[in-house]
Amino acid sequence: MRLGLDIGGTKIEAVVIDNAGEIVYRERCATPKQSYGDFFQAVTEMIAKARLAVNQPLSVGVGVPGAVDSEGLIKNSNILVLNQQAFAQDLEQALGMPVPVTNDANCFTLSEAMDGSGRGHSVVFGVILGTGCGGGVCIDNRLISGPNACAGEWGHNALPRYHESQDGAGVMCYCGQLNCIESFISGSGLERQYLNHTAQHVGVPQIMQRVESGDADACLLWERYCDQLARALASIVNTLDPDVIVLGGGVSNIDLLYSGLQARVAQYVFGKQCRTPIVRARHGDSSGVRGAAWLGAQQAIVESMRVK
């Protein structure tokens, strides 16, 4: 049995999946953010509760917002009390077992590579188009992290071929860099561009309603957004050339997004061809927590081989 925890800014979700990939247990609680001690206690209590409910040995994996740096400390998390904490080491000490911890985009990618829309493909690039713009890389069902824990962090590269005349005024990302991809093609990036163009602050669902009704401003901004996404994805194809690109997050649920997207990407790919399937995630919002469970299972296999 495999226990995965998906830790978000508002909730912690725990699921247990069996050998067939079926969810046999699920529990949620609010994310304590007053102190690291309260947060850590909530996580360990969730794990203890799952163990008691399932009453079988469990591997454990955890997905968090943010990243784990080379020293094992959490960075760039929107759960502020988690930053600069040795969370994985603390969990391992408390549980007496290795507990892999990675960011939520990596968990999403692993889930879709293992038994989702990327199943059967060797190189899978996962993309989350939500409030931010996360990414992850799986090769032969193994997450690639890199010495800087930056593999897949495409959202903080500069938007390819940025020009003010076609993309609007430049924008400073929270990371301190100018014109990051995330600032344009995340859901919040689309909303920001619409606000700048129309002086109206509306959400992505309302923007898409206006696109579907033929509103000229909304259609113009949607066309711009799709071109920006195509440029960004083409940079991935030109660099990694994955076997499949899997999209998740709220924006990925827009059917219109996939209309002609592969052809758009081809315009910016070296050679002007793109055979890379660009598909919607199979497991949707559950991919993060499922990926955490698979990550823990993989770590347990590694540890068992060391013992032998």
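Placed above this text is the structure.
Residues numbered from 1 in each chain as written. Predicted model: local features only at pLDDT ≥ 70, side-chain atom pairs only at ≥ 80, totals over all residues. Heavy atoms only, no water.

On to the environment of Leu 221, then. Structurally, Leu 221 is set in helix H8 (residues 216-239). Taking the relative accessible area as the measure of exposure, Leu 221 reaches 1% and is therefore buried. Discounting chain neighbours no more than four positions away, the residues touching Leu 221 are Leu 190, Gln 193, Tyr 194 and His 197. (Helix = DSSP H or I, 4+ residues; strand = E, 2+ residues; numbered from the N terminus. Buried < 20%, exposed > 50% of the residue type's maximum accessible area, 1.4 Å probe, protein only. Contact = heavy atoms within 4.5 Å.)

Another point: the packing of helix H6 (residues 187-198) against H8. The geometry of H6 relative to H8 is characterised by a closest axis approach of 10 Å and an angle of 140° between their N-to-C directions. The angle between H6 and H8 places the two elements in the oblique class. The two elements H6 and H8 cross, and the hand of that crossing is right-handed. Residues Leu 190, Gln 193, Tyr 194, His 197 and Thr 198 of H6 touch H8, and the partners they reach there are Asp 217, Ala 218, Leu 220, Leu 221, Trp 222, Arg 224, Tyr 225 and Gln 228. Looking at the contact of H6 with H8 residue by residue, the classes come out as 7 nonpolar, 4 polar and 2 charged. (Axes fitted to C-alpha atoms, helices over the stretch in contact; angles between N-to-C directions. Parallel < 35°, antiparallel > 145°, perpendicular 65-115°, else oblique. Left-handed = near helix turned anticlockwise from the far one by under 90°. Nonpolar A, V, L, I, M, F, W, Y, C, P; charged D, E, K, R; others polar.)

Once that is clear, we can look at the environment of Val 244. Within the secondary structure, Val 244 sits in strand E11 (residues 244-248). Residue Val 244 is classed as buried on the basis of its relative accessible area, which comes to 1%. In this structure the C-alpha to C-alpha distance between Val 244 and Val 279, which are 35 residues apart in sequence, comes to 7.6 Å. The contacts of Val 244, once residues within four sequence positions are left out, are Ser 117, Gly 118, His 121, Val 123, Val 124, Phe 125, Thr 276, Pro 277 and Val 279.

What follows covers the nonpolar core. When a protein is soluble and globular, its nonpolar side chains tend to lie buried together. Counting 42 residues, the largest nonpolar core has Trp 154, Ile 185 and Val 265 as its most contacted members. Elements supplying a minimum of two residues to this core: strand E8 (123-129), strand E9 (133-139), helix H5 (182-185), H6, helix H7 (204-212), H8, E11 and helix H9 (261-266). Counting residues per element, this core draws most heavily on H8, which supplies 12 residues. Dropping the residues within four chain positions of it, Ile 185 is found in contact with Leu 129, Cys 133, Trp 154, Tyr 225, Gln 228, Leu 229 and Ala 232. Grouped together as the second largest cluster of nonpolar side chains are 31 residues, Tyr 25, Val 62, Ile 74 and Val 101 included. (Core = buried A, V, L, I, M, F, W, Y, C linked by side-chain atoms within 4.5 Å.)

Below, the discussion takes up the packing of H6 against H7. Relative to each other, H6 and H7 sit at 60°, their axes nearing to 10 Å. With respect to H7, the axis of H6 lies oblique. The handedness of the crossing between H6 and H7 is left-handed. For the pair formed by H6 and H7, the contact residues are Gly 187, Leu 190, Glu 191 and Tyr 194 on the first element and Val 204, Ile 207 and Arg 210 on the second. Classifying every residue of the contact of H6 with H7 by side-chain character gives 4 nonpolar, 1 polar and 2 charged.

Here we take up the environment of Ala 30. Its place among the elements puts Ala 30 in strand E3 (residues 23-30). According to the relative accessible area criterion, Ala 30 is exposed, its value standing at 58%. Sequence-wise, Ala 30 and Glu 13 are 17 residues apart; in three dimensions their C-alpha atoms are separated by 8.8 Å. Apart from residues lying up to four places away in sequence, Ala 30 is in contact with Thr 10 and Lys 11.

Let us look at the pairing of E9. Taking burial as the measure, the 7 residues of E9 include 6 buried ones, the bulk of the element. Between E8 and E9, which pair antiparallel one after the other, the connecting turn spans 3 residues. The pairing of E9 with strand E10 (residues 142-143) spans 2 bridges and is classified as antiparallel. By the bridge assignment for E10, Cys 138 is matched with Leu 143. (Pairing = 2+ DSSP bridges.)

Under the counting rule described, the total for this entry stands at 7 aromatic pairs. Ring centres of Tyr 162 and Phe 184 lie 6.0 Å apart, and the angle between their planes is 50°; on these two criteria the pair is classed as tilted. Placement of the pair is Tyr 162 in the loop between E10 and helix H4 (164-167) and Phe 184 in helix H5, with a sequence separation of 22 residues. Looking at Tyr 162, the relative accessible area reads 25%, which means it is partly exposed. Using a relative accessible area of 0% as the deciding quantity, one classes Phe 184 as buried. Each ring, one from Trp 222 and one from Tyr 225, has its centre 5.4 Å from the other, and the planes form 15°; the classification is stacked. Within this pair, Trp 222 and its partner Tyr 225 are both found in helix H8, separated by 3 residues, close to a single helical turn. With relative accessibility at 6%, the residue Trp 222 sits in the buried group. An aromatic cluster is present here, built from Tyr 36, Phe 39, Phe 40 and Phe 87 joined pairwise through their rings. The cationic tip of Arg 192 hangs over the ring face of Phe 184; the distance from NZ or CZ to the ring centre is 5.1 Å. (Phe/Tyr/Trp six-rings, centres within 6.5 Å; stacked < 30°, edge-to-face > 60°. Lys NZ or Arg CZ within 6 Å of the ring centre and 35° of its normal.)

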